[in-house]
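This is what each chain is made of:
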Amino acid sequence: MSIDYKALVEKYGSPLYMYDFDYIENRYVTLKEAFAGKKSLINYAVKANSNLSVIQHLAKLGAGADCVSIGEVYRALDAGVDKYKIIFSGVGKRDDEIEEALKRDILMLNLESEAEMKRVELVAKKLGKEARISIRVNPNIDPQTHPYISTGLHENKFGVEIDMAKRMYIYANKSEHLNPVGIHFHIGSQLTNLDPIRESAMIVADLVRSLKAIKIDIKFFDVGGGIGVVYDDETPIAEQAYVDAIAEATKGLDVTLMCEPGRYMVANAGAFFTKVLYEKINSGKRFVIVDGAMNDLIRPSLYNAYHKIEAPGVEGEKSEADVVGPVCESGDFFGKNVALPPLAHGDIVVVHSAGAYGFTMASNYNTRPKPAEVALQGGEDRLIRRRETYEDQVRLEKEFLR
Ligand SMILES: *Cc1c(COP(=O)(O)O)cnc(C)c1O
């Protein structure tokens, strides 16, 4: 895509998030087409990028939503996602969240413990409802990704073991207030190896077969999210190979295949634009100080994540520099030892692959306003979230001054 960075920053200010909506559409359609001929539902993982316009764009294409808080459920509903395409996951749902989800009649709640199942049953009983549920199974497969974003091993907090899941299904099936309709796993994020997904799908499909044998009819087979993307030189999983592996594992089962991609849909649709403030050299080391910071995009600081960084249109011999922000933390950087030409005040630096877990993890640390967000679609640009002001930030505090 050829993008006029300068014009966008002049129009909307800096720092700025930009998302290419045509790219998002292409991702959705490519994945959906890989499921051709099978019952399938793609539930976009809202936490990757929860801007209402992003969710709406995917909803219009037919996507459902995977939510991990009631706030995300509200976002999905506000953005026009069909309620029967919304699922609610997460290890720690509060009673009020469960109640709201049941009242909104979403497709299902994805349960992560026996204790949570009992809470959901209680809340459903109070409301005189039957809660559609799925259970998150932890298949104990090493996803071969970063330990912070791995979720499918017994040592971490997500899901329940196979035996426990089976006991929970048997309980739920007998309960007047629970209706077990789905099964789910999600083993980690940024997966670039298909084998752990295939193995997990086979283990979970076997559980579905044993449940069907005792008349517990699972209708939704949800393989979670986690499809990796290219930040640097990764080889991503091919969509068709992904779907074929899931289809093979579930052979003979009459289920709707579901997945919950977040990063896959939006990471490389997005870029973060920031302006150069100053250059400086400390003990021979070159620093480029920009007006964006870790509060805007925390992945480099938090996970030591790599993002490709460029200064498009700036000429000159490149040398290595750390690209850092103004926040008062040594961890406030976007990239280390990045080859960049000499930069002047006002030059634009682009941090690529910033569409997922960028804005959604932004904070107001250092009383910095969250950046604006812009969509590009069919050659047009439009604002989808205005830049925060100082007044936006203090609104909930000012009335308490005395
Ligand atoms: C975070 C999450 C996802 C999305 O993960 P990606 O790596 O962005 O695809 C999907 N499902 C669940 C349950 C999650 O917690």
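Since this is a predicted model, take the numbers as computed values, not measurements. All residue numbers refer to positions counted from 1 along the written sequence of the respective chain. Only residues with pLDDT of at least 70 get local features here, since the model is predicted, and only at 80 or more are side-chain atom pairs given and counted; chain-wide, interface and lining totals rely on the full set of residues. Side-chain metrics in this entry use all non-hydrogen atoms of the structure; hydrogen atoms and water are not considered.

In these notes, residues near a molecule or strand are those with any non-hydrogen atom within 4 Å of it. Lining the immediate environment of the ligand, one finds 14 residues, of which Lys 47, Ser 189, Gly 226, Glu 260 and Tyr 357 sit closest. Lys 47 has a polar side-chain atom sitting 2.8 Å from an oxygen atom of the ligand. Burial of the ligand by the surrounding chains reaches 94%, relative to a free accessible area of 390 Å². Classifying every residue of the shell around the ligand by side-chain character gives three nonpolar, six polar and five charged. Any pair of N or O atoms that falls within 3.5 Å is considered a polar contact. Within protein, one atom must be able to donate a hydrogen and the other to accept it, and sequence-neighbouring residues count only if both atoms are side-chain atoms. Residue exposure ignores everything except the shown protein chains as possible cover, and the areas themselves are Shrake-Rupley values with a 1.4 Å probe. Throughout this entry, Asp, Glu, Lys and Arg are counted as charged residues, while Ala, Val, Leu, Ile, Met, Phe, Trp, Tyr, Cys and Pro are counted as nonpolar. The remaining residues, Gly among them, count as polar.

To continue, consider the domain arrangement of the chain. Note that the domain bounds were set by an automatic or database domain assignment. When cut into domains, the chain gives domain 1 (5-16 + 268-392) and domain 2 (35-261). Using C-alpha coordinates to define each centre, domain 1 is positioned 34 Å away from domain 2. Joining two parts hides part of their accessible area as seen by a 1.4 Å probe, and the buried area is that hidden amount summed over both. Together domain 1 and domain 2 conceal approximately 1300 Å² of surface at their shared face, both sides included; 49% is due to carbon and sulfur atoms. It is Tyr 303, Tyr 306 and Tyr 357 in domain 1 that bury the most area against domain 2; as a group they hold 36% of the surface buried on that side. Our count for the domain 1 to domain 2 interface comes out at seven residue pairs in polar contact (both at pLDDT 80 or more). Only DSSP runs of H or I reaching four residues or more are called helices, and only runs of E reaching two or more are called strands; each is numbered from the N terminus. Of all the secondary structure elements, the ones that give two or more residues to the side of domain 1 that touches domain 2 are helix H11 (299-303), strand E16 (372-377) and strand E17 (380-385). Per element, the largest residue contribution to the side of domain 1 that touches domain 2 is three residues, and it comes from H11. Considered class by class, the residues forming the side of domain 1 that touches domain 2 number six nonpolar, seven polar and four charged.

Okay, the sheet that holds strand E3 (residues 64-67) next. In space, the eight strands of this closed barrel follow the order E2-E3-E4-E5-E6-E7-E8-E9, with parallel pairing throughout. The sheet shows a mean angle of 30° between the axes of neighbouring strands, taken without regard to direction. One requirement defines pairing of two strands: DSSP has to find at least two bridges between them. The pairing of strand E8 (residues 220-222) with strand E9 (residues 256-259) spans three bridges and is parallel. Residue pairing in the sheet places Phe 220 in a bridge with Thr 256 of E9. Along the sheet face, helix H6 (residues 114-127) touches strand E5 (108-111), strand E6 (131-136) and strand E7 (178-184) and points at about 150° away from the line of E5. Note on method: axes are straight lines fitted to C-alpha atoms, helices fitted across the in-contact stretch only, with angles between N-to-C directions ranging 0 to 180 degrees. Two residues form a contact once any of their heavy atoms are found within 4.5 Å.

Looking at where Ala 205 falls in the secondary structure, it is placed in helix H8 (residues 195-213). Partly exposed describes any residue whose relative accessible area lies between the buried limit of under 20% and the exposed limit of over 50%, with all areas from a 1.4 Å probe on protein chains only and scaled to the type maximum. Residue classification places Ala 205 among the buried positions, given a relative accessible area of 0%. The sequence separation of Ala 205 and Ile 183 amounts to 22 residues, and the corresponding C-alpha distance is 9.1 Å. Setting aside residues no more than four positions away along its own chain, Ala 205 makes contact with Phe 221, Ala 249, Thr 250 and Leu 253.

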